[in-house]
Amino acid sequence: MDHLPAILKVDASGMPVAWIHWQTAVVLYARERVRWEAGAKRFVIRGGINARTGRRSSIEIGSIIAVADRSHRHLRGVPLLTNRTLFQRDRHLCLYCGRQFPPAQLTRDHVVPASRGGRSVWENCVTACRACNQRKDNRTPEEANMKLLAVPYTPNLAEYLILSNRRILADQMEFLLAHAPTHARML
């Protein structure tokens, strides 16, 4: 069962909240917390055999489930900034030279250097290759005479969920894209 993809959890109003494991989804179904489902994919999870009846238990779960609970992750503010999601936001491009690199050859660059008060926030971080990051050094792009090819931005939660999952089903992607900005910055 570990081969199952993550289930997209949304709140009762339909706003994306998080990726959850199928085991968590089964618990939500068993506790009757799932209010509605979306998406075309369904998965049958088989349980144990009842010693008295000899029947095997099973439960069917959807790829997108709306849950009425106190989970308001989307209200907490800014999605977590990690190198992996930053590199994905910037499409593995160095935002100084414009070349694409594998993740091992990329670094996080602070537009305003951290040593000069620049914070590790989405709007101040960009993907840079090692050579460009070293060339920029402890300077701003203007001081280093290096043009920034794109303006760094904070992805909304739908964009972040796309960035943070490597294996998204077509119905989940369609649902998330409907909640992403129409200009779809990171796609």
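Structure shown above.
What counts as what
Residues numbered from 1 in each chain as written. Predicted model: local features only at pLDDT ≥ 70, side-chain atom pairs only at ≥ 80, totals over all residues. Heavy atoms only, no water. Helix = DSSP H or I, 4+ residues; strand = E, 2+ residues; numbered from the N terminus. Buried < 20%, exposed > 50% of the residue type's maximum accessible area, 1.4 Å probe, protein only. Areas by Shrake-Rupley, 256 points an atom, 1.4 Å probe, with all protein chains shown as cover. Pairing = 2+ DSSP bridges. Axes fitted to C-alpha atoms, helices over the stretch in contact; angles between N-to-C directions. Contact = heavy atoms within 4.5 Å. Core = buried A, V, L, I, M, F, W, Y, C linked by side-chain atoms within 4.5 Å. Salt bridge = Lys/Arg side-chain N within 4 Å of Asp/Glu carboxyl O.

Novice: For this particular structure, what's the right way to read the overall build of the chain?
Specialist: A count of helical and extended segments in the chain gives five helices and six strands. The burial tally for the chain puts 44% of its 187 residues in the buried class. Per element, the accessible surface of the chain, about 10,700 Å² overall, is 51% carbon and sulfur.

Novice: Please explain the sheet that holds strand β4 (residues 56-67) as it appears in this structure.
Specialist: Each strand in a sheet pairs with another by means of backbone hydrogen bonds, the pair being arranged parallel or else antiparallel. Strand order across the open sheet formed by four strands is β2-β1-β4-β3, with mixed pairing between neighbours. Bordering the open sheet on either side are β2 (16-20) and β3 (34-49), each of which pairs with just one other strand. The mean inter-strand angle of the sheet, taken between neighbouring strand axes irrespective of direction, is 35°. Taken together, the four bridges between strand β1 (residues 7-11) and β4 define a ladder with parallel strand orientation. By the bridge assignment for β4, Lys 9 is matched with Ile 65. Against the sheet, helix α1 (residues 22-30) touches β1, β2, β3 and β4, its axis set at about 95° to β4.

Novice: It is not clear to me how the nonpolar core should be interpreted in this structure. Could you clarify?
Specialist: In globular proteins that are soluble, nonpolar side chains generally tend to be buried together. Of all hydrophobic cores here, the largest spans 30 residues; its most connected members are Leu 8, Cys 94, Tyr 96 and Leu 176. Mapped onto this core, the elements with two or more residues apiece are β1, β4, α2 (83-89), β6 (125-129), α4 (157-164) and α5 (170-179). Take this core: its biggest share by element is five residues, from α4. Setting aside its immediate chain neighbours within four residues, Leu 176 contacts Leu 8, Pro 16, Trp 19, Ala 158, Leu 161 and Ile 162. Listed in part, the 15 residues of the second largest apolar core include Leu 28, Ile 61, Ile 65 and Val 67.

Novice: For this particular structure, what's the right way to read the pattern of salt bridges?
Specialist: Working definition: two side chains of opposite charge can pair if their charged atoms are close together. Inspection of every chain in the model, using the stated rule, returns five salt bridges. One salt bridge in this structure joins Glu 37 and Arg 42, with 2.5 Å as the shortest N-O distance. Overall, the relative accessible area of 36% leaves Arg 42 in the partly exposed class. Here Asp 109 and Lys 136 are joined by a salt bridge, their closest N and O atoms 3.4 Å apart. You can see Asp 109 sitting in strand β5 (residues 106-110) and its partner Lys 136 sitting in helix α3 (residues 130-136), a full 27 residues away along the chain. Look at Asp 109 and you get buried, because its relative accessible area is 2%. In the salt-bridge network here, residues are joined through shared partners; they are Glu 37, Arg 42 and Glu 60.

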